[in-house]
Amino acid sequence: MGNRWGVLALVVAARIAMGFQFQAVAVVGPFLVADLGVGYAELGTLIGLYLLPGAFLALPGGLLAARFGDRALVLAGLGLMILGGAGLMASGAFVQAAASRLVAGAGGVLLNMQLAKIVTEWFVGQELATALGVMLTAWPLGIALALATLGAVAAVTSWQVAIGTTTAYAAFALVLILALYRDPRVAGPGRGPHRWWAISGRELGLTVVAGVAWATLNAGFIGVLAFGPKLLVERGLSPAAAGLVVSWASLVSIGSVPLGGALLDRLGRSDTVVVAGLVGAGAASAAFALGEPAWLWSVLVGVLIAPAAGVIALPGEVLGPASRSTGFGVFYALYYAGMALAPALAGYLVDRTGGAAAALWLAAALWLLTLPALWAFRGLQRRFRRAPAGG
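So, here's what we can say about the structure. (Residues numbered from 1 in each chain as written. Predicted model: local features only at pLDDT ≥ 70, side-chain atom pairs only at ≥ 80, totals over all residues. Heavy atoms only, no water.)

To continue, consider unusual backbone geometry. Note that the residue after E292, namely P293, is joined by a cis bond; omega there is 0°. For P293, the position within the fold is in the loop between α12 (272-290) and α13 (294-308). (Helix = DSSP H or I, 4+ residues; strand = E, 2+ residues; numbered from the N terminus.)

Further remarks concern helix α8 (residues 138-156). With 19 residues, α8 should reach 27 Å at 1.5 Å per residue; the first-to-last C-alpha distance of 27 Å fits that figure. Of all the bends found along α8, the most pronounced is centred on T149 and spans about 35°. When we look at burial in α8, the residues that qualify are A138, W139, P140, G142, I143, A144, A146, L147, L150, G151 and A154. (Expected span 1.5 Å × (residues − 1). Bend = angle between axes of the 7 residues up to and from the residue. Buried < 20%, exposed > 50% of the residue type's maximum accessible area, 1.4 Å probe, protein only.)

This part is about empty space enclosed by the protein. Taken as a whole and assessed by the stated rule, the structure comprises five cavities of 30 Å³ or more. Taken together, 16 residues make up the lining of the largest cavity; nearest its centre are L136, W139, W214, N218 and A309. Of all the elements in the fold, those that place two or more residues in the lining of the largest cavity are α8, α10 (201-234), α11 (239-267) and α15 (324-353). When residues of the lining of the largest cavity are assigned to their parent elements, the largest contribution, four residues, is made by α10. Its residues placed into classes, the lining of the largest cavity shows twelve nonpolar, three polar and one charged. Of the pockets and cavities examined, the second largest cavity occupies roughly 130 Å³. Lining the second largest cavity are 15 residues, and of these A26, V27, P30, P229 and K230 lie nearest its centre. Only α1 (4-27), α2 (29-36), α3 (40-49), α8, α10 and α11 provide two or more residues apiece to the lining of the second largest cavity. Ranked by residues supplied to the lining of the second largest cavity, first place goes to α10 with five residues. Class assignment of the residues belonging to the lining of the second largest cavity gives a composition of eleven nonpolar, three polar and one charged. (1 Å grid on protein atoms, 1.4 Å probe; cavity = no way out; pocket = protein on both sides within 12 Å on 5 of 7 lines; lining within 4 Å. Points joined across faces, edges and corners; volume = space filled by probe spheres on them. Nonpolar A, V, L, I, M, F, W, Y, C, P; charged D, E, K, R; others polar.)

A few words on the pattern of salt bridges. For the structure shown, the criterion picks out two salt bridges. In this structure, E234 engages K230 in a salt bridge whose closest nitrogen and oxygen atoms are separated by 3.0 Å. You can see E234 and its partner K230 sitting in helix α10, four residues apart, about one turn around the helix. The exposure class of E234 is partly exposed, given its relative accessible area of 38%. Notably, a salt bridge pairs E292 with R235, separated by 3.5 Å at the nearest N-O pair. Taken together, the positions of E292 in the loop between α12 and α13 and R235 in the loop between α10 and α11 put the pair 57 residues apart, joining distant regions of the chain. The class for R235 is partly exposed, based on a relative accessible area of 33%. (Salt bridge = Lys/Arg side-chain N within 4 Å of Asp/Glu carboxyl O.)

When you line up the elements, S247 lands in helix α11. We classify S247 as buried; its relative accessible area is 2%. On a C-alpha basis, the gap between S247 and A148 in space is 6.2 Å, while along the polypeptide they are 99 residues apart. Ignoring sequence-local partners within four residues, the contact set of S247 consists of A144, L147 and A148. (Contact = heavy atoms within 4.5 Å.)

For the coordinates displayed, the defined rule picks out ten aromatic pairs. Their ring planes at 20° and their centres at 6.3 Å tell us that W214 and F331 sit as a pair that is stacked. Highlighted residues: W214 in helix α10 and F331 in helix α15, separated in sequence by 117 residues. Each member of the pair, W214 as well as F331, is classed as buried. Relative to Y336, the ring of Y335 has its centre 4.9 Å away and its plane inclined at 65°; by these criteria the two rings are edge-to-face. The two residues Y335 and Y336 agree in class, both being buried. One aromatic cluster is present, formed by W214, F331, Y332, Y335 and Y336 through successive ring pairs. (Phe/Tyr/Trp six-rings, centres within 6.5 Å; stacked < 30°, edge-to-face > 60°.)

So, about the nonpolar core. With 125 residues, the main nonpolar core has F288, Y332 and W367 as its most contacted residues. If one sorts the elements of this core by residue count, α1 sits on top with 16 residues. (Core = buried A, V, L, I, M, F, W, Y, C linked by side-chain atoms within 4.5 Å.)

A few words now on the packing of α1 against α3. With their axes 9 Å apart at the nearest point, α1 and α3 run at an angle of 175° to one another. Taken together, the axis directions place α1 and α3 in an arrangement best described as roughly antiparallel. Contact residues: α1 offers F22, V25 and A26, while α3 offers L43, L46 and I47. Grouping the amino acids of the contact of α1 with α3 by side-chain chemistry returns six nonpolar, no polar and no charged. (Axes fitted to C-alpha atoms, helices over the stretch in contact; angles between N-to-C directions. Parallel < 35°, antiparallel > 145°, perpendicular 65-115°, else oblique.)

Printed below as a string of structure tokens:
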């Protein structure tokens, strides 16, 4: 396939598999907890384990892609997702479920890293921001799909069948990539020798701060999606109905994230809408924890977090062509570390307090913590501009 918009469609179809599989454990959580005999701290751990491999594989994944190509890494990632999903279906104990989630998560890491790079390869210099915004919508679309369907599937059949549905979709995505995608031919200096670690101290410092901001922003969103349904079940809704209500946050963000990106492009590098989005989303999460109407707070979370997603563009402001691969590896390693730890912390708080509202309060706090990270990034930018060159 040589059409870049067709390639983007393939990327979106493949990336949906990651959100779909990631969210599945949270959606079938009550069934899984009862069957495996675990607590919600363990459930939160299972949710977070999916993203933990990213803290260790982000950089090596980029190096492997440079050697074997993006297509090979995407196929390997989808293969591991299928293997891990099958292992989780067969799990009868927490240890086996945890190992299966790690395998599936390792595949998700390879998939996610390479799809972002593929979009950059095909769209650099021509609607790249738009394409990245469209790509980002695949994650909440997959999450929304899980929230809207898997609770009902698990209730009618079993949680194993629900997990199997996500595994089957990953297999479908693998067939699509195998049949339709080929890496673009790269000529010129891009094929020459490359350095294993190509990033300056200044770039590294800014990228680390940006990675912390991206991690806290996304960890807050996942906290709402993972434990919002449990909170609504505590208030009397069925698991299927609770999942549908919370799915509005993801469904709304599918349209609001690209629109938020377009707004940020129009305003240049203004952080006003990012700050407003973080504060507003934090307030909506706190309101969700306090009471009804849950559907309104869910919609507001999806609308208000959209402009804040512009944080993903921060590394692009400081990384040059030579340092971009290393820099994004660092950026995603921090993102995955935060995303792995936050659900476990949320589950721990739920167990300690006896209610899922604690996870929604944690989400609000994480969004507010993104603000000092953003301000630190801007402060370092100004400082480095005033400093002499070198370093």
